[in-house]
Amino acid sequence: MSYAVGSGDLVLCVNASPNHVTGEPVPLVAGETYRVWGVLDFACPCGRSDALLDIGIDFAWCQSRFKLLPKPKFEAKPRRVSAPKETGTV
């Protein structure tokens, strides 16, 4: 997953289980989205991912906890411009 995730991407937390190494509870919430600050090319001790994500909360997190969300597609929609009606004097 490390090749697909980059800085600024949105990820969905799908696994808020305790810390893989210490067993302590984590401040992540399953179902919430987080913005990736950086990708650290360091294998997680659990062996499930080849990089850790920095999302600005506590410390780097295993990528197996997150699912990459698709980037929103921008569609240019034509907008109607309101112009004042011209009135003539009689």
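Residues numbered from 1 in each chain as written. Predicted model: local features only at pLDDT ≥ 70, side-chain atom pairs only at ≥ 80, totals over all residues. Heavy atoms only, no water.

Peer 1: It is not clear to me how the sheet that holds strand 4 (residues 52-54) should be interpreted in this structure. Could you clarify?
Peer 2: By definition, the strands of a sheet pair up through backbone hydrogen bonds, in either a parallel or an antiparallel sense. Pairing is antiparallel in the open sheet, where 3 strands are placed in the order 3-4-5. Edge positions in the open sheet fall to strand 3 (38-40) and strand 5 (61-62), since each of these has one partner strand only. Alignment of strand 4 against strand 5, held across 2 bridges, turns out to be antiparallel. By the bridge assignment, Leu52 is partnered in strand 5 with Cys62. (Pairing = 2+ DSSP bridges. Helix = DSSP H or I, 4+ residues; strand = E, 2+ residues; numbered from the N terminus.)

Peer 1: Help me out: how do you make sense of the pattern of salt bridges in this one?
Peer 2: Between side chains of opposite charge, pairing is possible as soon as their charged atoms come close. Scanning all chains against the criterion turns up 1 salt bridge. A salt bridge links Asp9 to Lys71; its shortest N-O distance comes to 3.6 Å. Taken together, the residues span a long stretch of sequence, with Asp9 in the segment before strand 1 (10-13) and Lys71 in the segment after strand 6 (66-68) at a distance of 62 residues. For Lys71, a relative accessible area of 62% translates into the label exposed. (Salt bridge = Lys/Arg side-chain N within 4 Å of Asp/Glu carboxyl O. Buried < 20%, exposed > 50% of the residue type's maximum accessible area, 1.4 Å probe, protein only.)

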